[in-house]
Amino acid sequence: MKYSKTLSFTILLLVGFVILALGTPIPMAGASEDNNDEAQQEEATKTEPAETEASALDGGKVYAWNCGACHSERYPKERTDSEWEVIITHMRVRANLTADQAKAVLRYLQENNE
Amino acid sequence: MQKATLCCFVLLPLMAMVGPVFAQEAKSEPQNRFLLTGYGFANYVDPDAPDQEGSFSLGFSPIFLYRVGDKFLFEAELEFELEDDEVETEVEYAQIDWLANDYLTVVMGKFLTPFGTFIEDLHPAWINKLPTAPLPYQHGQSLVPFGQLGAQFRGGIPVGDGYRRFTYSLFLSNGMRMSEHGHEEEGLPEEDAHDEEESHEEIALLSEGEEHDEEHTEEGEEHDNDLIFLDSSSFNSNGSLAVGGRVSFVATRGIEIGASYLSGSYDEDGDLDATMFGINFTYHHDLFDIRGEWLDTTTERGIAEDGDLLADQEIEAWYIQPSLRLSIIPAYFFNKLEVVGRFSTLDFGEGDKDQTSLGLNYYFSGSSILRLAWERIAETGHEDEDAVVLMFALGF
């Protein structure tokens, strides 16, 4: 049992660092400014399609498929824009929504609460 | 080893995040916002038994949310329940969430155990489609502790077009202890019921294998056969942390498949381990949804009072719960109705316990619901117990 727990901790750590590595941009130590500029441009080019894709997510669809899977519908007019920001942050953590999905749902709720 | 690992678990991610945190200070600071939300319920339970009377009960659970900028959220849920002339209070969760990046949220504090879907997603009265919990998650007799005090990594990673995602929740916590609620709550004979002090004393003796006088032996033998249920521990009483988590894949249209794991010691000496494994699925499509979970738990019992090694407690449990909104019938009244059924079972080797529930829900709105349900509990060696429950639940 002791062995399996140590193994579990190690796996947990490895998974955590992989996730951190995926999500955290790490600047290259010792790189010249030119290289940094190039790297930044390259990074911008790489992330552009992802941002375009994120903005293309249909918030209504994400809302219906994910929120509705657990609870009955909450109407956009129930909350103000700022209240929805807090609620969606809470629900992003609770439901493990991706950042893009959370943004899409928030946009959908804020656009339909007037 | 554990202390070093814990330091790594907490400190290294913090160090790794120093850069991005400082980088954000240059940006405009979003406003901090507080929000009070939550839910409440009142119900009437009418048991179909000659020696039991119908009774009202109520509960409410305020949820405090405080968002600090874009990266931090404090969230806490308190539970107040009035039953049998007593107000039961509990901190369901109180946690600080750090949204470190798009794929990782670091959580510290007391959080709901990320195991299956009932505990984290379905336990609030306005969300749970029946007034009762399925057998594996009954209050006080849950196979899995509802909360953990510790640290957690969690997040969602987009897959394909971004509508699908892989989710993970991994945690270290103070672990578990024996449940304060004994069999008494389920209506079993009082002589089988434990109070907290007695439970701790007994389990300590079991783990140490101490010998007892003959007067105690007979009582001890009865206790050896009791089922052990576990709660979360508010402090690390045995020097051993619990580890666990859940991974799932969420496809489009509310289809989800997940697997959960939890392992830790629960006795004062850290000698007796409990391990739980679970699989869950959900399918949701417009008016219809169906969900289910399967759990397999192994709890070490240690050494009996006569010196024999006790067999591990092994419980296999599952439930399935379909529901259908009656909006398919073109009439206003039926638009508000939902029918739901659930079958759940615990198989503990020497017998089993089944729960059959049928319910009808009327939705005044998405978060204010009147529930009417019939439930039957059938347990090996006991007479069947039927009850009708009327509940009004409100999410606010």
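Before reading further, recall that the structure is shown in the block above.
**Student:** Provide a residue-level description of unusual backbone geometry, including the pertinent values.
**Tutor:** The phi dihedral of Asn96(A) is positive, around 55 degrees, even though this residue is not glycine. By relative accessible area, Asn96(A) is classed as buried at 4%. At Arg253(B), a residue that is not glycine, the phi angle is positive and equals roughly 55 degrees. Mapped onto the elements, Arg253(B) comes out in the loop between β10 (242–250) and β11 (256–265). Residue classification places Arg253(B) among the partly exposed positions, given a relative accessible area of 35%.

**Student:** Lay out the packing of helix α4 (residues 81–95) of chain A against helix α5 (residues 99–111) of chain A with the relevant residues and their values.
**Tutor:** Each pair of packed helices can be summarised by the angle the axes make with each other and by the distance between the axes. Residues and elements named next belong to chain A. At a minimum axis separation of 10 Å, α4 and α5 run at an interaxial angle of 150 degrees. By the angle between their axes, α4 is roughly antiparallel relative to α5. Crossing of α4 over α5 shows right-handed handedness. Contacts between α4 and α5 involve Asp81, Trp84, Glu85, Ile88 and Arg92 on the former and, on the latter, Ala99, Ala102, Val105, Leu106, Leu109 and Gln110. Looking at the contact of α4 with α5, its residues break down into seven nonpolar, one polar and three charged.

**Student:** How would you sum up the nonpolar core? Please name residues and give values.
**Tutor:** Formed by 62 residues in total, the largest nonpolar core has its most connected members in Tyr137(B), Val144(B), Leu262(B), Tyr266(B) and Met276(B). The next biggest cluster of nonpolar side chains, apart from the first, holds seven residues, and it includes Ala100(B), Leu104(B), Tyr168(B) and Leu170(B).

**Student:** Explain α4(A) to me, using residue names and the numbers behind them.
**Tutor:** Over its 15 residues, α4(A) extends 20 Å from the first C-alpha to the last, a length consistent with the 21 Å expected when each residue adds 1.5 Å. Once α4(A) finishes, Asn96(A) follows within two positions and takes phi at roughly 55 degrees, a positive value.

**Student:** Got a sec to walk through a negative patch on the surface? Specific residues and values, please.
**Tutor:** Residue and element names in this part refer to chain B. A contiguous patch of negative charge, built from Glu83, Asp84, Asp85, Glu86, Glu88 and Glu90, is present on the exposed surface. Tallying contributions element by element places strand β4 (residues 86–101) first for the negative patch, with three residues. Position of Glu90 among the secondary structure elements: in strand β4. For Glu90, a relative accessible area of 32% corresponds to the partly exposed category.

**Student:** Break down the packing of helix α3 (residues 59–70) of chain A against α5(A) for me, citing the residues and quoting the values.
**Tutor:** Residue and element names in this part refer to chain A. Following both chains from N to C, one finds α3 and α5 inclined at 105 degrees, their axes separated by 7 Å at the closest point. Looking at the two axes, α3 sits roughly perpendicular to α5. Mapping the contact onto sequence places Gly59, Gly60, Val62 and Tyr63 in α3 and Gln101, Ala104, Val105, Arg107, Tyr108 and Leu109 in α5. The residue inventory of the contact of α3 with α5, partitioned by class, reads six nonpolar, three polar and one charged.

Rules used in this analysis
- Residues numbered from 1 in each chain as written.
- Chains lettered and ligands numbered in written order.
- Predicted model: local features only at pLDDT ≥ 70, side-chain atom pairs only at ≥ 80, totals over all residues.
- Heavy atoms only, no water.
- Buried < 20%, exposed > 50% of the residue type's maximum accessible area, 1.4 Å probe, protein only.
- Helix = DSSP H or I, 4+ residues; strand = E, 2+ residues; numbered from the N terminus.
- Axes fitted to C-alpha atoms, helices over the stretch in contact; angles between N-to-C directions.
- Parallel < 35°, antiparallel > 145°, perpendicular 65-115°, else oblique.
- Left-handed = near helix turned anticlockwise from the far one by under 90°.
- Contact = heavy atoms within 4.5 Å.
- Nonpolar A, V, L, I, M, F, W, Y, C, P; charged D, E, K, R; others polar.
- Core = buried A, V, L, I, M, F, W, Y, C linked by side-chain atoms within 4.5 Å.
- Expected span 1.5 Å × (residues − 1).
- Patch = residues over 30% accessible without salt bridge, like charges linked within 9 Å, V, L, I, M, F, W, Y side chains within 5 Å.
- Areas by Shrake-Rupley, 256 points an atom, 1.4 Å probe, with all protein chains shown as cover.
- Salt bridge = Lys/Arg side-chain N within 4 Å of Asp/Glu carboxyl O.
- Lys, Arg positive; Asp, Glu negative; His and termini not counted.
- Charge placed at Lys NZ, Arg CZ, Asp CG, Glu CD.

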